[in-house]
Amino acid sequence: MRCRMCGQRAVIRLRSHNIALCEGCLQEFIRRRVKKAIKDYRLLQPGERPLVAVSGGKDSLSVWDLLGELGFEAGGLYIHLGIGDYSDRSEEAARRFAEARGLELRVERVADHFSGLGIPELARLDRRPPCSICGMVKRYLMNKAAYEGGRVLVTGHNLDDEVATLFGNVLDWKEGYLSRQAPRLPAAPGLAPRTKPLVLCTEREMAAYAISRGIDYILEECPFSRGATSLFYKDLWNQLEERSPGAKLRFYQNFLRVRHLFREEEPRLQPCQSCGFPTTTELCNFCRLRDRAKGKKGNPP
Ligand code: SF4
Ligand SMILES: [Zn+2]
Ligand SMILES: [Zn+2]
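Computed from a predicted model, the values in this text were never measured in an experiment.

Student: I tried to follow the overall build of the chain on my own but got confused; where do I start?
Tutor: The secondary structure content of the chain amounts to twelve helices and ten strands. By the compact-globule yardstick of 19 Å for 301 residues, the chain fits well, its C-alpha radius of gyration being 20 Å. Each of the 301 residues in the chain was classed as buried or not, and the buried ones make up 36%. Long-range pairs, those at least 24 residues apart, make up 67% of the contacts in the chain with a sequence separation of at least 6.

What follows is the structure, encoded as structure tokens:
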């Protein structure tokens, strides 16, 4: 199998684009896909400074790498969730990546905000699934860091992630979620803009990119992700893609064309009485959980 661009030995075949590529041309192909997403969906404006939320996995480290390659001055944010060895190992991967490239990495520890408790303990305390607590806490800390630093928040969601989320939302016709699923969400009072530059790249393409760039990412998944519905949807979509190459891309891009049809009244937001970030209630969920956690691990209430 030969590379369609340069004729050297190809390392990957992309059926959805009907091409085979060598390592070097694959990297160039991914750079072009990211540039296209940035241009078509206006993900980053000139002069905007990105803050990449990194988990230590292939997608977030690769998007950080790509933004640097494309000339953006991007910093990183790692959130240590307090999920045993998994969190320690993923922090290590993020640190190794940043140090090797001389990039600025900010580390936030969930335990520092919640009286020493991490996500598993907070989930038990609040009697909610760990992913629901984790999602809320991560969204809050990512937004806070980006907003206070005057940055655009960048996440490493790839096409497979977006398709799985979209599929779940379509199954239940969740209009509100559909209206808010976009490659860029604009800034609002107390909210930093958020963008996803990898929306036109599949998981498989990103894994090949990370390996070809020698990115030392963590392969291990979060222990709480086992059995997640999103993984089941991804599996279904891989079967669909096998039968009909390009199905993921068509599903996602065609959705973006009709997204304006989905509307839901914006919730009325007000500043949280404790931290000042936007919320629908007097105290935001983050501050409420922080208050509940006080005194739970030997700290005075
Ligand atoms: S799978 Fe792990 S990292 Fe992902 S939301 Fe759930 S607890 Fe958080
Ligand atoms: Zn080539
Ligand atoms: Zn608050």
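Next comes the rest of the account.
Student: Can you help me understand the pairing of strand 3 (residues 50-54) in this one?
Tutor: Moving residue by residue along a regular strand, the side chains alternate between the two faces of the sheet. With five of five residues buried, strand 3 lies mostly within the body of the structure. Burial along strand 3 is two-sided: the face carrying Pro 50, Val 52 and Val 54 and the face carrying Leu 51 and Ala 53 are both buried. As paired strands, strand 3 and strand 6 (residues 152-154) are joined by three bridges and run parallel to one another. Paired with Pro 50 across the two strands is Val 152, which belongs to strand 6. One ladder, built from four bridges, connects strand 3 with strand 4 (residues 75-80); its direction is parallel. Across the sheet, residue Val 54 finds its bridge partner in strand 4, namely Tyr 78. Read from strand 3 through helix 2 (residues 58-69) to strand 4, the crossover connection turns out right-handed.

Student: Where do I start with the site of ligand 1 in this structure?
Tutor: Close contacts around ligand 1 come from Ile 119, Pro 130, Cys 131, Cys 134, Gly 135, Cys 222, Phe 224 and Ser 225, and that covers them all. Per element, the largest residue contribution to the shell around ligand 1 is four residues, and it comes from helix 6 (residues 130-148). The residue inventory of the shell around ligand 1, partitioned by class, reads six nonpolar, two polar and no charged.

Student: What is the right way to read the packing of helix 5 (residues 119-126) against helix 6 from this model?
Tutor: The description of two packed helices rests on the angle between their axes and on the distance between the axes. At their nearest, the axes of helix 5 and helix 6 sit 9 Å apart, and the two run at 110° to each other. Compared by their axis directions, helix 5 and helix 6 come out roughly perpendicular. In the packing of helix 5 onto helix 6, the handedness of the crossing is right-handed. Contacts between helix 5 and helix 6 involve Ile 119, Pro 120, Leu 122, Ala 123 and Asp 126 on the former and, on the latter, Pro 130, Ile 133 and Cys 134.

Student: What is the right way to read the sheet that holds strand 4 from this model?
Tutor: Neighbouring strands of a sheet are bound in pairs by backbone hydrogen bonds; such pairs are parallel or else antiparallel. Strand order in the open sheet formed by six strands is 5-4-3-6-8-7, with mixed pairing between adjacent strands. Of all strands in the sheet, those bounded by a partner on one side alone are strand 5 (105-109) and strand 7 (184-185). For strand 7 and strand 8 (residues 194-195), the ladder comprises two bridges, and the chain directions are antiparallel. By the bridge assignment, Arg 184 is partnered in strand 8 with Thr 195.

Student: Looking at this structure, how should I read the nonpolar core?
Tutor: Soluble globular proteins tend to pack their nonpolar side chains together in the buried interior. If you look at the biggest cluster of nonpolar residues, it comprises 66 residues, and the most contacted ones within it are Leu 26, Val 52, Val 54, Leu 77, Leu 153 and Val 154. Of all the elements, helix 1 (residues 23-40) adds the most residues to this core, at seven residues. Aside from chain neighbours lying at most four places away, what touches Val 154 is Pro 50, Leu 51, Val 52, Ala 53, Val 63, Leu 67, Ala 74, Thr 195 and Pro 197.

Student: What should I look at first to understand helix 7 (residues 159-171) in this one?
Tutor: At 3.6 residues per turn, the α-helix brings residues three or four places apart onto the same side. With 13 residues, helix 7 extends 18 Å from end C-alpha to end C-alpha; this agrees with the ideal 18 Å at 1.5 Å per step. Among the residues making up helix 7, those that are buried are Leu 159, Asp 160, Glu 162, Val 163, Ala 164, Leu 166 and Phe 167. Here the buried face of helix 7 lies against helix 9 (203-212), helix 10 (229-243) and helix 11 (247-258). Trp 173 sits one or two positions beyond helix 7 and adopts a positive phi of about 45°.

Student: Help me out: how do you make sense of the environment of Val 258 in this one?
Tutor: Considering the arrangement of structural elements, one finds Val 258 in helix 11. The spatial distance from the C-alpha of Val 258 to the C-alpha of Ser 179 is 9.8 Å, given a sequence separation of 79 residues.

Reading the values: rules and limits
- Residues numbered from 1 in each chain as written.
- Chains lettered and ligands numbered in written order.
- Predicted model: local features only at pLDDT ≥ 70, side-chain atom pairs only at ≥ 80, totals over all residues.
- Helix = DSSP H or I, 4+ residues; strand = E, 2+ residues; numbered from the N terminus.
- Rg over C-alpha atoms; globule rule 2.2 N^0.38 Å.
- Buried ≥ 20, exposed ≤ 12 C-beta atoms within 10 Å, placed from the backbone.
- Contact = placed C-beta atoms within 7 Å.
- Pairing = 2+ DSSP bridges.
- Right-handed = clockwise from strand over helix to strand, strands pointing away.
- Near = placed C-beta within 6 Å.
- Nonpolar A, V, L, I, M, F, W, Y, C, P; charged D, E, K, R; others polar.
- Axes fitted to C-alpha atoms, helices over the stretch in contact; angles between N-to-C directions.
- Parallel < 35°, antiparallel > 145°, perpendicular 65-115°, else oblique.
- Left-handed = near helix turned anticlockwise from the far one by under 90°.
- Core = buried A, V, L, I, M, F, W, Y, C linked by C-beta atoms within 7 Å.
- Expected span 1.5 Å × (residues − 1).

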